[in-house]
Amino acid sequence: MYSASPAISLPTRQATILIVDDAPDSLELLDEMLRSQGYLTFVANSGARAIALAQRIQPDLILLDVMMPGLDGFETCRHLKAHPETTGIPVIFVSACSDTDDVVSGFDHGAVDYISKPVRLPEVQARVRAQLQMQSSSEHQRRQTRRLRMIVEGMDEGLMLVGPDGRIQYANPATERCLGYSETELAGRQLAALLAEPAANDYAAYFDSRDESILARCRGTREVLVQQPDGSLRPMDLSLSPMASGEQLYVALLHDITHHKQSESA
């Protein structure tokens, strides 16, 4: 009898934190504090060094002192946010300057949080953990969005997003191929303008109609004739449905049935 193999968990990547402070005692305290929590840390004692390190190591988070000679924390943050490689890295200011104006200035320069000195271990841990969790969640959403876009753009069927006014807001590459129109030509165009009668009239009225008969004719999948740029008509199945998310958008799917129609008439 075979026993079930234990599940193998992949190691979690250590979050990387860049600590920037010109005071050696403060730098050492934060470094030890965060390394004891399992974070991978790098340190810099100047704004210029911090900018160079951030571009090279791409940390998940930067703890940045405000009062430093040369480039102070605010100016350093401004440089980080202006550079495409570091603009998305969250910055937490750490400073003895805790007046309201200083805190507001920190956020105005692009910081996500502000920790007052002298630092307290539980507070630093909580704020760092919160920012890293938010960063992880945002990255997950970005990966999901990229994955969904790859799926949509790789589809064989045409897919369009149509606004509540019946105008096309997005068309995937398959739509461009089967309709013969470029993305620029489709953007902002009325869906109904692509269709021949009688479907054109029904879909033109669909988006603001209360007529149940028109709504019924546009629900589900319907065979339509699509007008090509050269004036010819191509038979397609059109499916139009509201997005499940509740947004005021509709998903239109197009399936070319030219081959099927030719087989029927053969």
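Data block above holds the structure.
The rules behind each value
- Within every chain, residues take consecutive numbers counted from 1 along the sequence as written.
- The predicted nature of this model means local features are confined to residues of pLDDT at least 70 and side-chain atom pairs, given and counted, to a pLDDT of 80 or more, with totals for whole chains, interfaces and linings taken over all residues.
- Remark: hydrogens and water are excluded; side-chain values derive from all non-hydrogen atoms of the structure.
- For this analysis, a salt bridge means a side-chain nitrogen from Lys or Arg found within 4 Å of a carboxyl oxygen belonging to Asp or Glu.
- Under the scheme used here, helices are H or I runs from DSSP no shorter than 4 residues and strands are E runs no shorter than 2 residues, and both carry numbers assigned from the N terminus.
- In this scheme, a residue with accessible area under 20% of its type's maximum is buried, one over 50% is exposed, and one in between is partly exposed, where area comes from a 1.4 Å probe on protein chains only.
- The arc in question is formed by the directions pointing from the helix axis toward the C-beta atoms.
- Should any heavy atoms of two residues lie within 4.5 Å, those residues are considered in contact.
- Take the number of residues in a helix, subtract one, and multiply by 1.5 Å to get its expected span.
- In short, DSSP must find at least two bridges between two strands for them to pair.
- Inter-axis angles, ranging from 0 to 180 degrees, are taken between N-to-C directions of lines fitted to C-alpha atoms, where helices are fitted over the stretch in contact.
- Buried Ala, Val, Leu, Ile, Met, Phe, Trp, Tyr and Cys residues that are joined via side-chain atoms within 4.5 Å together make up what is termed a nonpolar core.

Caption draft 1: Summary view of the pattern of salt bridges. Per the stated rule, a full pass over the model turns up 12 salt bridges. Across the pair Lys117 and Asp65 runs a salt bridge, and its minimum N-O distance is 3.4 Å. With Lys117 in the loop between β5 (113-116) and α5 (121-153) and Asp65 in strand β3 (residues 61-65), this residue pair connects regions lying 52 residues apart in the sequence. When the shortest N-O distance is used, the salt bridge between Arg167 and Asp165 registers 3.9 Å.

Caption draft 2: Main features of helix α8 (residues 199-206). When α8 is considered as a whole, its buried residues turn out to be Ala199, Ala200, Asp202, Tyr203 and Tyr206. The arc enclosing the buried residues of α8, seen along the axis, measures out at 165°, which places them on a common side. Packing partners of the buried residues in α8 comprise α9 (212-218), β8 (221-227), β9 (233-242) and β10 (250-256).

Caption draft 3: Representation of helix α1 (residues 24-35). Between the first and last C-alpha of α1 there are 16 Å, a value that for 12 residues agrees with the 16 Å anticipated at 1.5 Å per step. When α1 is considered as a whole, its buried residues turn out to be Ser26, Leu27, Leu30, Asp31, Met33 and Leu34. When α1 is viewed along its axis, its buried side chains cluster within an angular range of 165° and face the same direction. Looking at α1, the residues exposed on the side facing more than 90 degrees away from the buried face are Pro24 and Asp25.

Caption draft 4: Seen up close, the sheet that holds β8. On the basis of which strands lie adjacent, the open sheet formed by five strands has the order β7-β6-β10-β9-β8 and antiparallel pairing. Unpaired on one side and paired on the other, β7 (168-171) and β8 mark the two borders of the sheet. Averaged over all pairs of adjacent strands, the angle between strand axes in this sheet comes to 30°, irrespective of strand direction. Where β9 meets β10, seven bridges bridge the pair, whose relative direction is antiparallel. Across the sheet, the residue bridging to Leu240 is Ala252, located in β10. Of the strands in this sheet, β8, β9 and β10 are in contact with α8, which crosses β8 at around 110°.

Caption draft 5: Summary view of the nonpolar core. Among the nonpolar cores identified, the biggest contains 27 residues, and Met160, Leu179, Leu194, Leu195, Tyr203 and Leu240 are the most heavily contacted of them. Where this core is concerned, the elements lending two or more residues are β6 (158-162), β7, α6 (173-179), α8, α9, β8, β9 and β10. At four residues, the largest contribution of residues to this core is made by α8. Setting aside its immediate chain neighbours within four residues, Tyr203 contacts Leu191, Ala192, Leu195, Cys218, Arg222, Val224, Leu238 and Leu240.

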